[in-house]
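# Inside the fold
Here is what each chain is made of, one letter per residue.
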Amino acid sequence: DKVIRVVPESERETQILRAAFNRLKVDLWQPSSPLHIVEGTVTDVRVPRNTTRSLLPYLQQANIHYTILISDLQKAVENQTGLRSYRNRRSLSGYNYEVYHSLEEIQDWMHHLNRTHSDLVHMFSVGKSYEGRPLYVLKLGKRSRPYKKAVWMDCGIHAREWIGPAFCQWFVKEALQTYQTDPAMRKMLTQLYFYIMPVFNVDGYHFSWTNDRFWRKTRSKNTRFHCHGVDANRNWKVKWCDEGASFHPCDDTYCGPFPESEPEVKAVAHFLRKHRKQIKAYLSFHAYAQMLLYPYSYKYETIPNFNCVESAAYNAVNALQSAYGIRYRYGPASSTLYVSSGSSMDWAYRNGIPYAFAFELRDTGHFGFLLPETLIKPTCTETMLAVKNITLHLLKKCH
């Protein structure tokens with residue numbers, strides 16, 4: 001398998017690509033659906049070995065220029081996770097935050113923190129996944145007073161975006177390690193609670209470790225189509241299954257049979273609804289594109305508190321860039337990325353959470369979903385600056 005990049009330069013090329021990708025059932029990495037391909041759209045496609053022989057000559061014949069991003073995908077996958085047996089995976093005291101962890105390891109790590117940091121960490125479950133796995137959340141913060149505002153963070157809505165869960169774990173580690181020494185962190189944990197869900201789509205994430213590294217959706221079964229899964233970021237009850245989502249169960253952006261059809265989405269939505277008065281920020285971590293997005297996703301319209309959200313985003317991307325010079329684009333999701341309906345960010349915003357953001361972490365396509373483990377640390381370090389920035393912005397009054 002290969003990953004190629006094409007940027008259509010005309011309406012003709014756009015039509016040819018859309019038709020070819022629909023016909024060949026390729027795996028689009030960027031954007032998430034052929035519908036989003038327009039003139040000038042950077043399009044990254046995973047092409048199966050058997051399709052490569054027909055697709056690449058076809059593009060050459062149509063005079064459509066492409067570049068090969070990853071020439072041997074299998075090799076790239078093996079390089080990313082390597083043979084892990086050499087590291088002692090069970091030792092939690094020496095837990096390595098600079099490698100990717102399986103679902104089992106992440107859940108063991110959560111249990112461990114719950115036992116060893118009971119002053120700052122409380123672990124609970126908001127429900128069960130389609131395959132019956134617990135949906136664990138860590139509540140992080142000093143129990144300084146009965147009522148505190150809160151920030152919700154989730155990672156891994158899309159299974160293959162492994163850098164997300166890595167960042168959620170990194171955030172918890174930083175909070176616990178720097179709480180004593182960093183006044184900003186101390187302020188955050190004293191004045192706020194953080195609800196952190198390191199792996200939202202537990203079934204899909206597990207599946208991406210055991211069966212298909214590039215799995216995106218949940219793992220619910222569709223009886224009629226023998227296709228598994230729903231896009232958990234198209235399944236929310238906000239302009240559900242409108243533009244940017246698909247009604248077809250085999251598509252990567254399938255919106256599901258009805259809103260909140262996925263037990264994972266339903267459980268989190270229920271929790272957020274119940275705590276909507278308390279939760280002031282919703283942060284969701286995805287990959288890849290290097291963007292910081294805010295509502296709306298489903299329409300081109302300016303949100304009422306645009307000035308506050310925009311300045312928070314502007315300051316956050318500047319803070320992020322200060323670490324390694326990595327530039328993030330920021331803005332409303334619809335115009336910065338593309339229009340999509342039924343997203344968690346829009347839903348959170350529409351349900352009264354004033355600061356709702358979706359991060360698209362590194363990179364911009366060189367590695368795509370296969371961000372090497374050597375880049376976990378810089379990616380998380382810079383993202384940490386952005387998240388702290390947004391959080392401290394939240395504690396100041398914005399008019």
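Residues numbered from 1 in each chain as written. Predicted model: local features only at pLDDT ≥ 70, side-chain atom pairs only at ≥ 80, totals over all residues. Heavy atoms only, no water.

The name given to the protein chain in an unreviewed UniProt entry is Carboxypeptidase A6, and the organism recorded there is Mionectes macconnelli. Per UniProt, the protein chain carries the Function (unreviewed entry) text "May be involved in the proteolytic inactivation of enkephalins and neurotensin in some brain areas. May convert inactive angiotensin I into the biologically active angiotensin II. Releases a C-terminal amino acid, with preference for large hydrophobic C-terminal amino acids and shows only very weak activity toward small amino acids and histidine." What UniProt records for the protein chain under Cofactor (unreviewed entry) is the sentence "Zn(2+)". (UniProt positions renumbered as here; feature names shortened; annotations may be inferred.)

Right, let's talk about the domain arrangement of the protein chain for a bit. If you check the domain split of the protein chain, you get domain 1 (2-71) and domain 2 (103-211 + 238-395). Spacing between the C-alpha centres of domain 1 and domain 2 amounts to 30 Å. Contacts between the two partners involve 13 residues from domain 1 and, on the opposite side, 16 residues from domain 2. Around 1100 Å² of area is buried between domain 1 and domain 2 when both sides are counted, 49% of it from carbon and sulfur atoms. When the area that domain 1 buries against domain 2 is broken down by residue, the three leading residues are Trp29, Gln30 and His36, summing to 44%. Counting every contact that joins domain 1 to domain 2 gives 2 salt bridges. Summed over the shared surface of domain 1 and domain 2, the result is 6 residue pairs in polar contact (both at pLDDT 80 or more). Looking at the side of domain 1 that touches domain 2, the elements with two or more residues in it are β2 (27-30) and β4 (66-70). Here the side of domain 1 that touches domain 2 gets 4 residues from one element, more than from any other, and that element is β2. In terms of residue class, the side of domain 1 that touches domain 2 is built from 5 nonpolar, 4 polar and 4 charged. (Domains from an automatic or database assignment. Contact = heavy atoms within 4.5 Å. Buried area = accessible area lost by both parts, 1.4 Å probe. Salt bridge = Lys/Arg side-chain N within 4 Å of Asp/Glu carboxyl O. Polar contact = N/O pair within 3.5 Å; in protein donor to acceptor, adjacent residues only side chain to side chain. Helix = DSSP H or I, 4+ residues; strand = E, 2+ residues; numbered from the N terminus. Nonpolar A, V, L, I, M, F, W, Y, C, P; charged D, E, K, R; others polar.)

The next thing to look at is helix α3 (residues 73-81). Buried within α3 we find Leu73, Ala76, Val77, Gln80 and Thr81. The arc that holds the buried residues of α3, viewed along the axis, is 115°, so those residues lie on one side. Across from the buried face of α3, at angles greater than 90 degrees, the exposed residues are Lys75 and Asn79. Where the residues of α3 are buried, they touch β1 (2-6), β2, β3 (43-47) and β4. For α3, the N-terminal capping position is held by Asp72, with its side-chain oxygen 3.3 Å away from the main-chain nitrogen of Gln74. (Buried < 20%, exposed > 50% of the residue type's maximum accessible area, 1.4 Å probe, protein only. Arc of directions from axis to C-beta.)

Of the consecutive residues Gln30 and Pro31, the connecting peptide bond is found in the cis state with omega at -10°. Relative to the helices and strands, Pro31 is located in the loop between β2 and β3. For the bond running from Pro295 to Tyr296, omega is 5°, close enough to zero to count as cis. Secondary-structure assignment places Tyr296 in the loop between β10 (291-294) and α9 (306-324). Non-glycine residue Cys241 carries a positive phi angle of around 55°. A positive phi angle, near 60°, is found at Glu260, a position not held by glycine. Assignment of secondary structure puts Glu260 in the loop between α7 (202-210) and α8 (263-274).

Strand order in the open sheet formed by 8 strands is β5-β6-β8-β7-β9-β12-β10-β11, and the pairing between neighbours is mixed. Unpaired on one side and paired on the other, β5 (121-128) and β11 (329-332) mark the two borders of the sheet. Each adjacent strand pair in this sheet contributes to an overall mean axis angle of 20°, direction not counted. Two elements, strand β9 (residues 279-287) and strand β12 (residues 355-361), share 7 bridges in a ladder whose sense is parallel. The residue of β12 that forms the bridge with Phe285 is Phe359. Running over the sheet, helix α6 (residues 183-191) touches β6 (134-140), β7 (149-155) and β8 (192-197) and is turned about 90° from β8. (Pairing = 2+ DSSP bridges. Axes fitted to C-alpha atoms, helices over the stretch in contact; angles between N-to-C directions.)

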